[in-house]
Amino acid sequence: MTEPPKTLSWMGDRLRLLDQRKLPAEVMNVDCFTPEEAAEAIRNMTVRGAPAIGVTAAFGLALAALRCGATDPSGMRNELGIAGEMLRLSRPTAVNLGWAVDRILKAADIPRLDSVEDVRATVIREAETMAAEDVEINRRIGRHGLPLLPDGARILHHCNTGSLAAVDYGTALGIVRTAAEGGKKVHVFVDETRPRLQGARLTAWELGRLGIPYTLITDGAAAFAMKMFGVDLCLVGCDRVAANGDTANKIGTYHLALAAKAHGVPFYVACPVSTIDMDCVSGSDIRIEERDADEITRINGIAVAPADAVVWNPAFDVTPADAITAFITENGIVRPPFGPGLADAVRKSESDRLRIPRRLRRG
Ligand code: MRU
């Protein structure tokens, strides 16, 4: 088993990101020195996956605090607010981005921080705490999800939700990894995930390094794989869960859920509680990112469609709550009706923040 290289590392004066655009052909890092560079890395998908971009935004604010020229705390808070808005807007669908920015700005806003040095140190410490918490949360998701995977499970997975999508370990793939590490036999059908190929390039690569057996399929083969191989469950991650359970995730998730329903295959969504957005009443409140036509009309720079093709390229879709069997969070499994269960999971995390282990806590 070979651990995948680190998705992101705080180097004290810069944020080091594994360049996921180049994987699996090249394993290369990119260093960000400014919040603008961190925002661009999120936008161009050097770093991707909801938890990873949240923590990147947090360190983007740490970079803003380091580079800030203000001489008083209120000037620094002002600059952090501006950088925060830029980072928040770098990708619109994953709620983790706004959540991370809000958490850092709140930490910087404590009145007792009466020097720029104090504010700067607090921002950096909070970002480091969030990174450590992400790993802990993913391991908890892994433990909660474990009973849902029978020994010998055939799992269908979409996009990439492994350590590359988080600080480490991952959410949905973290559950698969927990099962494999505990001695269960599992087999993953990996959707290639057009158009950015997160499944083919990243998930297949991660599973291979972990020694977890998989079969790579095209997105269009998923329903047929359910019919032919008796898939036991679908397991995906998510970018934003509305209060009623409607869920935004990588484009292709919706039709996977419909195919699962038609075949009687349970459809599970793994998510940290930070991905639940109680301000979105339903999926129609979720803003869906649309990306460049080039992602569809070209592969590795080579045209695969007419140059003047009319293209619609939503990066995410919304799976209605009634196509989801359950959510697997760090606070346990949430089953229908989702409204009260999701609200409880959020409330529990808010009260747990007061009980976070000292080694993970700020200050
Ligand atoms: O466009 P991406 O690669 O950032 O999309 C990622 C996904 O849709 C993941 O499924 C989601 O962020 C969960 S990652 C734990």
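About the criteria used
Residues numbered from 1 in each chain as written. Predicted model: local features only at pLDDT ≥ 70, side-chain atom pairs only at ≥ 80, totals over all residues. Heavy atoms only, no water. Axes fitted to C-alpha atoms, helices over the stretch in contact; angles between N-to-C directions. Helix = DSSP H or I, 4+ residues; strand = E, 2+ residues; numbered from the N terminus. Left-handed = near helix turned anticlockwise from the far one by under 90°. Contact = heavy atoms within 4.5 Å. Nonpolar A, V, L, I, M, F, W, Y, C, P; charged D, E, K, R; others polar. Pairing = 2+ DSSP bridges. Core = buried A, V, L, I, M, F, W, Y, C linked by side-chain atoms within 4.5 Å. Buried < 20%, exposed > 50% of the residue type's maximum accessible area, 1.4 Å probe, protein only. Arc of directions from axis to C-beta.

Chemist: Honestly, the packing of helix α5 (residues 116-145) against helix α6 (residues 172-181) in this entry has me stumped. Any pointers?
Modeler: The description of two packed helices rests on the angle between their axes and on the distance between the axes. Interaxial distance between α5 and α6 falls to 8 Å at its minimum, and their mutual angle equals 65°. For α5 against α6, the interelement crossing comes out right-handed. Side by side, α5 and α6 meet where I141, G142, R143 and G145 of the first sit next to G174, I175 and T178 of the second. The class makeup of the residues in the contact of α5 with α6 is two nonpolar, four polar and one charged.

Chemist: Where do I start with the sheet that holds strand β2 (residues 15-18) in this structure?
Modeler: Strand pairing in a sheet is mediated by backbone hydrogen bonds. Such pairs are either parallel or antiparallel. The antiparallel open sheet is built from three strands, whose spatial order is β1-β2-β3. Taken across any chain shown, the strands that pair with only one partner, and hence form the sheet edges, are β1 (8-10) and β3 (29-32). For this sheet the average axis-to-axis angle between neighbouring strands, irrespective of direction, equals 20°. In this sheet, β3 lies alongside β2 in antiparallel orientation, the contact comprising four bridges. Paired with L15 across the bridge in β3 is C32.

Chemist: Help me out: how do you make sense of the nonpolar core in this one?
Modeler: Within soluble globular proteins, side chains that are nonpolar tend to cluster in buried spots. By size, the foremost hydrophobic cluster in this structure holds 43 residues, and its most contacted members are L15, F59, L61, L80, L87 and V123. With 12 residues, helix α2 (residues 50-67) is the single largest residue contributor to this core. With residues near it in sequence (within four places) discarded, L61 still touches L80, A83, G84, L87, V101, I104, L105 and V123. Core analysis: the next-biggest nonpolar cluster, separate from the first, contains 30 residues, V231, A259, I276 and F338 among them.

Chemist: What is the right way to read helix α1 (residues 35-43) from this model?
Modeler: Spacing of three or four residues puts side chains on the same side of an α-helix, whose turn is 3.6 residues. Of all the residues in α1, the buried ones are P35, A38, A39, A41 and I42. The buried side chains of α1 occupy one side of the element, clustering within an arc of 160° when seen end-on. Tucked inside the fold, the buried residues of α1 contact β2, β3, α2, α3 (73-88) and α4 (95-108). One or two residues past the end of α1 sits M45, with phi positive at roughly 65°.

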